[in-house]
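One-letter residues, chain by chain:
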Amino acid sequence: MKLTSLPSKRETIRQNMIHVRDRTLELFTDCTREEFCQQAHPDFSPVGWHLGHIALTESLWILEHCAGEAPLFPEYRQLLTADGLRKEERQNLPSFSVIQDYLETVRNRVFKYLEIAPIAQQERLLYWLLQHENQHNETIVFLLQLLRWKKLQEFSPLQRRDRPSSPSSFNTNISDAMVTISAGEFLMGNNNIEAQDNERPEHLVYLDTYQIDRFPVTCQQYQEFMAAGGYQKAEFWSKMGWQWLQKNPVVQPLYWRDSPDWKEHPVCGVSYYEAEAYATFTGKRLPTEAEWEKAASWDAKIGEKLLYPWGNNAPNSQYCNYNTFIGHTTPVNLYINGQSPWGCWDMMGNVWEWTSSLFSGYNGFEFYPYRGYSQVYVDNKHRVLRGGSWATHPWSFRASFRNWYHPWVRQILVGFRCAM
Ligand SMILES: [Fe+2]
């Protein structure tokens with residue numbers, strides 16, 4: 001082992017920042033001015049806003065908070081901060097090239113500062129920033145998909161050119177089979193340097209025996225719910241869910257494709273209410289996030305927590321569909337090597353999965369780096385999603401990672417699996 005761990009950490013962070021930024025900018029390759037400024041949905045800001053917000057956040061946390069510099073381009077503050085203008089007021093944006101200059105100016109200064117920065121003290125913040133950019137990155141991906149969904153059914157502009165070869169195996173039958181998870185304690189959460197405030201602290205949780213679906217719910221399975229009048233019968237829906245459906249009369253998932261080669265893909269683009277109604281239709285329920293995490297990452301044979309369902313190896317395209325490598329969902333039985341110790345498939349990547357848990361802090365929660373990152377969402381209104389999607393980047397991708405949305409949101413890359 002070399003004794004140069006400090007400079008190499010500095011260089012590793014620099015390289016990761018460059019890599020993440022390349023991926024961010026790549027998403028804008030074919031983005032028109034109209035797409036750049038337009039709201040794809042009233043609940044979300046335009047993609048151009050997300051790009052500018054990435055620069056503002058980096059400038060605020062590294063240049064102002066760490067380096068103690070004066071605000072760079074203070075005129076952007078109100079427009080690009082998360083608690084500035086209302087979402088519908090965020091459409092009057094500078095051009096892509098102006099925002100690109102802004103990103104570059106901030107980044108050059110950040111790199112200059114990082115040459116002398118006390119890396120050990122700021123490592124956690126730098127990881128947080130990488131994840132922050134990754135998360136806005138995924139938002140940009142699904143907002144562009146939302147804007148282009150009709151066209152996307154004919155061809156996939158978001159498909160990456162350097163698509164890796166498909167995994168070799170594709171032979172397991174998808175069934176309604178469930179996996180039994182035996183009673184006992186498991187380690188929930190994550191204390192690693194890259195873990196977010198809401199993943200901490202790691203703690204033991206006891207769960208009774210339960211069953212969980214081997215696969216995420218597929219389009220073919222969901223079709224049965226639709227054919228049985230699932231969207232017309234109140235009996236399957238919770239009171240809140242039925243009220244939502246009356247105000248938002250949808251009849252199928254948002255990202256629904258009616259084609260035979262799509263039936264083994266997971267359902268994508270459903271609200272929590274739709275997932276809940278489907279579970280009731282099949283006599284099941286949604287898993288809690290603890291049930292999801294145990295099934296995804298607890299190796300009971302050795303009594304150890306894994307970073308990913310398949311073990312502790314970094315994700316790659318033999319394990320799962322992630323990182324926008326493929327650009328859309330894949331069949332739920334594609335990744336034989338990605339199974340969890342319990343034999344659950346496709347828990348990471350492909351689609352986020354709704355859980356029945358309301359978002360809250362674990363016992364001993366301490367916000368980081370500011371209250372607004374996750375603590376303000378502990379309001380008994382947001383449900384937890386787990387597992388990441390085909391567009392989730394490595395920095396936000398691990399079995400302990402928690403995402404949260406209002407139960408009516410269906411624009412994200414989300415499906416679900418059921419439990420009993
Ligand atoms: Fe943000």
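Undergrad: Which parts of the structure should I look at to understand the overall build of the protein?
TA: Check the secondary structure of the protein and you find eleven helices and ten strands. With the C-alpha coordinates aligned to their principal axes, the bounding extent of the protein is approximately 60 × 50 × 45 Å. With an accessible surface of roughly 18,200 Å², the protein has 51% of that area assigned to carbon and sulfur atoms. Separation between the mean location of the 41 positive side-chain charges and that of the 46 negative ones in the protein comes to 1 Å.

Undergrad: It is not clear to me how the nonpolar core should be interpreted in this structure. Could you clarify?
TA: Inside soluble globular proteins, nonpolar side chains tend to come together where they are buried. By size, the foremost hydrophobic cluster in this structure holds 89 residues, and its most contacted members are L114, Y222, W237, W354 and F416. Considering every element that reaches this core, the biggest residue donor is helix α6 (residues 119–152), with 14 residues. Membership of the second largest hydrophobic core comes to 27 residues, among which are I212, A290, A296 and W298.

Undergrad: What am I meant to see in the pattern of salt bridges here?
TA: Think of it this way: side chains of opposite charge can pair up when their charged atoms draw near. Tallied over the full model, the rule gives 21 salt bridges. The closest approach of N and O atoms between R107 and E133, which form a salt bridge, is 3.9 Å. On the criterion of sequence distance, the pair formed by R107 in helix α5 (residues 96–114) and E133 in helix α6 is long-range, its members being 26 residues apart. Connected via shared salt-bridge partners are E289, E293, K305, R386 and R402.

Undergrad: Just to check I follow, could you spell out the packing of helix α7 (residues 219–227) against helix α9 (residues 272–281) for this structure?
TA: How two helices pack is summed up by the angle between their axes together with the distance between the axes. For the pair α7 and α9, interaxial distance at closest approach is 10 Å and the crossing angle is 80 degrees. Classed by the angle they form, the pair α7 and α9 counts as roughly perpendicular. Across the interface between the two elements, Q221, Y222, E224 and F225 from α7 touch E274, A277, Y278 and F281 from α9. Here the contact of α7 with α9 is built from residues that sort into five nonpolar, one polar and two charged.

Undergrad: Would you explain the side chain of E138 in this entry?
TA: By the secondary structure assignment, E138 is in helix α6. Not counting chain neighbours up to four residues away, the residues in contact with E138 comprise W352, S389, A391, T392 and L413.

Undergrad: How should the confidence of the model for the protein be read in this particular structure?
TA: Regions with low pLDDT should not have their predicted coordinates read in detail. When pLDDT is averaged across the protein, the result is 92; 93% of the residues are at 70 or more. In the model, residues 155–166 has pLDDT below 50 throughout and makes 24 contacts with residues more than four positions away in sequence or in other chains.

Undergrad: Explanation requested: the environment of Q243 in the structure shown.
TA: You can see Q243 is positioned in helix α8 (residues 239–247). With 158 residues separating them in the primary sequence, Q243 and L85 have C-alpha atoms 30 Å apart.

Undergrad: What is the right way to read the sheet that holds strand β7 (residues 352–358) from this model?
TA: Spatial ordering of the open sheet is given by β9-β8-β7-β10, a layout of four strands whose pairing is mixed. In the strand order of this sheet, the two ends are held by β9 (402–405) and β10 (414–415), each with one partner. Sheet topology places β7 next to β10; two bridges connect them, and they run parallel. In the sheet register, E353 faces β10, and the bridge partner there is G415.

Undergrad: Just to check I follow, could you spell out the coordination of the iron ion for this structure?
TA: Metal coordination angles have textbook ideals: 109.5 degrees for a tetrahedral set of four donors and 90 or 180 degrees for an octahedral set of six. Bound to the iron ion are the protein donor atoms H53 (NE2), H132 (NE2) and H136 (NE2), situated 2.2 to 2.3 Å from the metal. For the iron ion, the single-chain donor residues occur in sequence as H-x78-H-x3-H. Of this pair, H132 and H136 both sit in helix α6, separated by four residues, roughly a single helical turn. H132 gets classed as buried once you look at its relative accessible area, which sits at 7%. Since its relative accessible area comes to 13%, H136 is described here as buried.

Undergrad: Can you help me understand the environment of Q121 in this one?
TA: Turning to its location among the elements, Q121 is positioned in helix α6. On the accessibility criterion, Q121 (67% relative accessible area) is exposed. Here the alpha-carbon distance between Q121 and N337, two residues 216 residues apart in the chain, equals 37 Å.

Undergrad: I keep staring at helix α3 (residues 47–66) and nothing clicks. Help me out?
TA: Since the α-helix packs 3.6 residues into each turn, any two residues three or four apart lie on the same face. Taking 1.5 Å per residue as the helical rise, α3 with its 20 residues ought to reach 28 Å, and the 28 Å between its terminal C-alpha atoms agrees with that figure. Burial runs high along α3: 17 of the 20 residues are buried.

Undergrad: Looking at this model, I keep getting lost on the packing of aromatic side chains. Mind explaining?
TA: We describe a pair of aromatic rings using the distance from one ring centre to the other and the angle between the two ring planes. All told, the structure shown has 40 aromatic pairs when counted by the stated rule. Where F236 meets F281, the ring centres are 5.3 Å apart and the plane angle is 85 degrees; that geometry is what we call edge-to-face. Here F236, found in the loop between α7 and α8, pairs with F281, found in helix α9; they are 45 residues apart in sequence, far enough to count as distant. For F236, a relative accessible area of 12% translates into the label buried.

Parameters at a glance
- Residues numbered from 1 in each chain as written.
- Predicted model: local features only at pLDDT ≥ 70, side-chain atom pairs only at ≥ 80, totals over all residues.
- Heavy atoms only, no water.
- Helix = DSSP H or I, 4+ residues; strand = E, 2+ residues; numbered from the N terminus.
- Areas by Shrake-Rupley, 256 points an atom, 1.4 Å probe, with all protein chains shown as cover.
- Lys, Arg positive; Asp, Glu negative; His and termini not counted.
- Charge placed at Lys NZ, Arg CZ, Asp CG, Glu CD.
- Core = buried A, V, L, I, M, F, W, Y, C linked by side-chain atoms within 4.5 Å.
- Buried < 20%, exposed > 50% of the residue type's maximum accessible area, 1.4 Å probe, protein only.
- Salt bridge = Lys/Arg side-chain N within 4 Å of Asp/Glu carboxyl O.
- Axes fitted to C-alpha atoms, helices over the stretch in contact; angles between N-to-C directions.
- Parallel < 35°, antiparallel > 145°, perpendicular 65-115°, else oblique.
- Contact = heavy atoms within 4.5 Å.
- Nonpolar A, V, L, I, M, F, W, Y, C, P; charged D, E, K, R; others polar.
- pLDDT = per-residue confidence, 0-100.
- Pairing = 2+ DSSP bridges.
- Donors = N, O, S within 2.8 Å, 3.2 Å for Na, K, Ca; no water.
- Expected span 1.5 Å × (residues − 1).
- Phe/Tyr/Trp six-rings, centres within 6.5 Å; stacked < 30°, edge-to-face > 60°.

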